[in-house]
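# Commentary on secondary and tertiary structure
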Amino acid sequence: MAATRPVVNSRRLFHRNISRTFVSRFFKTSSSCNSVMPAWVIDKYGGNDVLRFTKNASFPVITYPNEVIVKVFAAGLNPIDVSMRGGYGAATMSMKRDPLNINQRGNEFPLTLGRDVSGVIMECGLDVKYFQERDEVWAAIPPWKRGSLAEFVVLSANEVSLKPKSLSHTEAAAIPYVATTAWSALVNTGGLTKDNCAKKRVLIIGGSGGVGTFAIQMLKAWGAHVTVTCSQNAEHFVRGLGADHVVDYTAGPVEVPLAALDKFDLILDNIGDSTERWALNLLKPWCGAKYVTLVTPFFQNTDTLGIADGMLQTTATVARKALKHLVKGVHYRWGFFAPSGSALDEIREMVDSGQIHAVVEETFSFAQVPQAFAKVEKGHARGKTVVQINKGTDGA
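Below, the structure is looked at part by part. (Residues numbered from 1 in each chain as written. Predicted model: local features only at pLDDT ≥ 70, side-chain atom pairs only at ≥ 80, totals over all residues. Heavy atoms only, no water.)

## Focus on the packing of helix α10 (residues 298-305) against helix α11 (residues 307-326)
Stated precisely, the cut-off is as follows: Simply put, an axis is a line fit to the C-alpha atoms, just over the touching stretch for a helix, and the angle between two N-to-C directions goes from 0 to 180 degrees. Numbered from the N terminus, helices here are DSSP runs of H or I no shorter than four residues, and strands are runs of E no shorter than two. Crossing handedness: left-handed means the near helix sits turned counterclockwise from the far one by under a right angle, and right-handed means the same turn made clockwise. In this description, contact between two residues means that some pair of their heavy atoms is separated by no more than 4.5 Å. Residues are grouped as follows: Ala, Val, Leu, Ile, Met, Phe, Trp, Tyr, Cys and Pro are nonpolar; Asp, Glu, Lys and Arg are charged; every other residue, Gly included, is polar.
Where α10 meets α11, the axes come as close as 7 Å, and the angle between the chain directions of the two elements is 145°. The two elements α10 and α11 meet at a crossing, and its hand is right-handed. Touching F298, N301, T302 and L305 of α10 are I307, D309, G310, M311, Q313 and T314, all from α11. Class assignment of the residues belonging to the contact of α10 with α11 gives a composition of four nonpolar, five polar and one charged.

Okay, structure coming up:
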C-alpha cells in the first residue's frame, strides 16, 4: 500500500509582493542564490512561432510552507499545452492565478507551458514532511501554474509523488498528466475502483492517445473488460496494452458495430464532437451506468463569454444534459484533470509491479521544444511526446 501522506494546509503566509529577503527567514531559498534559469516561454498566444527560449526566466521561489522546488529532468507534452499556447482557457487560468483580479490583463506572460514533470527535489518548504531533498519525484502540474519546460519548477507537495523506481525520468514524464486525468475521470467521476471494477464493461472512445493508453492499462489491471475505438493502424498497439475488443473508426460509423455489442457500464469519451448523440445509447439502463466525457465546453464558454456568464452557461448545459439522460436511466458526467499526489502514489505501485507501462512515442532535446510541439499538434499520437531537460543519473 502507498504510504499515507499528510494533508497540508496551503494558506499563504505572506502577501505575494513581500520581499524575497524577508521570506527567506521563514522558507528555504536556493542555496546557489540563483535568480534566473533557462526556460521556454511564450509572450503572447499564437502558433509555434510564439515559443521563445530564454536563459533569463525567473527562478522559482517557495512562497507556501508546503511547496517544493524540483529540478526538471524530463517534461511530457500534452494536447492541452498546444491549446494553451493558442490561448485556450486563458480566462479561467487568469482567475485561478489572480482570483482578486489585482494584476493587469496579460500578467501571466512570460508563460511557461508543460504539464508533466519528472525530476529531483532541490528544496522543501518547512511544512513538507513527506519528501526530502534529492528525492526523485514525478508530478502533474495544474495548468494555472508555471510549467515544466524550464530547468526548475515549484509545486505543492500535495501534487508530487515519489517517482517509480522502475522508470527512467524520460519514461516517468510520460505518465502523470494523463494518469491523473484518467484517474479523475474513471475513479472520482466514474466511481470505478480496483475493488469494484472486475468484469465491468468499459468503452474508451479514442483509445490510442495518452489518456486512452493509460486508461486501458489501469482498467485491465483492475479486471475490467475494455473495448476501444481507434484507427486500424493503432489496433495492434492498443491490443498490446490489453484492450479486449477494438473497433476501427475509419471503417465507417463506429456506432453501428458498437451497438451490436453488449451494453457498457461506463464510457470514457476522449473525442467529443458528435459522439454524445449516440454513445449514451450504448450504456446499460437503470444500472448506474455512466458516460464520462473529457471534452467539455467549459473553457470555451469562459473564454468567449467571460467568467461569470461562461460558468452560468456551463452549469445550465451540464444540468440540462444530465437531466435529459437521467430519465433514460443513465448518468451523464463531465470529467476534468485534477492534480493528485496521492493518486500518483497508487499509480507508482502499479507501475513498479509491472501492471502499467510508460508509452513514449518520441523524445526531443530541450533545444527542440518547437519541434516537440509540432509533433503533438499533428495529433494521432501513439503515446507521449517527452522533452529531456537535464540528464539524470539514469540517463533521463
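## A closer look at unusual backbone geometry
What you tend to see is this: most non-glycine residues have negative phi, and most peptide bonds are trans. With an omega of -5°, the peptide bond running from F109 to P110 counts as cis. For P110, the position within the fold is in the loop between α3 (90-97) and β4 (116-124). Non-glycine residue D273 carries a positive phi angle of around 55°. Here D273 shows up in the loop between β11 (266-269) and α9 (276-279).

## So, the packing of aromatic side chains
What counts, and what does not: The aromatic pairing rule takes the rings of Phe, Tyr and Trp, using the six-membered ring of Trp, and pairs them if the centres are within 6.5 Å, calling planes under 30 degrees apart stacked, those over 60 edge-to-face and the rest tilted. We call a charge positioned above a ring when the Lys NZ or Arg CZ atom is no farther than 6 Å from the ring centre and deviates by at most 35 degrees from the ring normal.
Within this structure, the stated rule accounts for eleven aromatic pairs. With a centroid separation of 5.2 Å and an interplanar angle of 90°, the aromatic rings of Y88 and F299 are classed as edge-to-face. Taken together, the residues span a long stretch of sequence, with Y88 in the loop between α2 (79-85) and α3 and F299 in helix α10 at a distance of 211 residues. Taken together, the ring pairs connect Y88, F298, F299 and F336 into an aromatic cluster. For the cation-ring pair, K96 lies above W144, with the distance from its terminal atom to the ring centre recorded as 4.4 Å.

## With respect to the pairing of strand β13 (residues 331-334)
The two faces of the sheet receive side chains in turn, since in a regular strand these alternate between them. What counts here: Per-residue accessibility, obtained with a 1.4 Å probe over protein chains only, is compared with the maximum for each type, and a residue is labelled buried under 20%, exposed over 50%, and partly exposed between these values. Pairing between strands is defined by DSSP: at least two bridges between the two strands are required.
Because side chains alternate across β13, one face comprises the buried residues Y332 and W334, and the other comprises H331 and R333, none of which is buried. Here strand β12 (residues 290-293) runs beside β13; their pairing, made up of four bridges, is parallel. Bridge pairing links Y291 to Y332 in β13.

## What to know about the packing of helix α5 (residues 176-189) against helix α6 (residues 210-221)
The relative placement of two packed helices comes down to the angle between their axes together with the axis-to-axis distance. As a reminder, the rule being used: Note that the term roughly parallel is reserved for angles under 35 degrees, roughly antiparallel for angles over 145, roughly perpendicular for angles of 65 to 115, and oblique for everything else.
Their axes nearest at 9 Å, the elements α5 and α6 cross at an angle of 60°. By the angle between their axes, α5 is oblique relative to α6. Seen from above, α5 lies across α6 with right-handed handedness. Touching V178, A179, T181, A182, W183, L186 and V187 of α5 are G210, V211, F214, A215, M218 and L219, all from α6.

## Focus: the side chain of K375
Quick note on the threshold: N or O atoms closer than or at 3.5 Å make up a polar contact, with two conditions inside protein: a donor-capable atom paired with an acceptor-capable one, and, for residues adjacent in sequence, both atoms drawn from side chains.
Residue placement: K375 occurs in helix α13 (residues 369-378). Separated by 2.8 Å, the side chains of K375 and E361 make a polar contact. Each residue touching K375, except ones within four places of it in the same chain, is listed here: E361, E362, F364 and T385.

## Some details on the environment of M93
Structurally, the position occupied by M93 is in helix α3. For M93, a relative accessible area of 3% puts it in the buried group. With 52 residues separating them along the chain, M93 and K145 place their C-alpha atoms 8.6 Å apart. Sequence-distant contacts of M93, defined by excluding residues within four places in its chain, comprise P143, W144 and F299.

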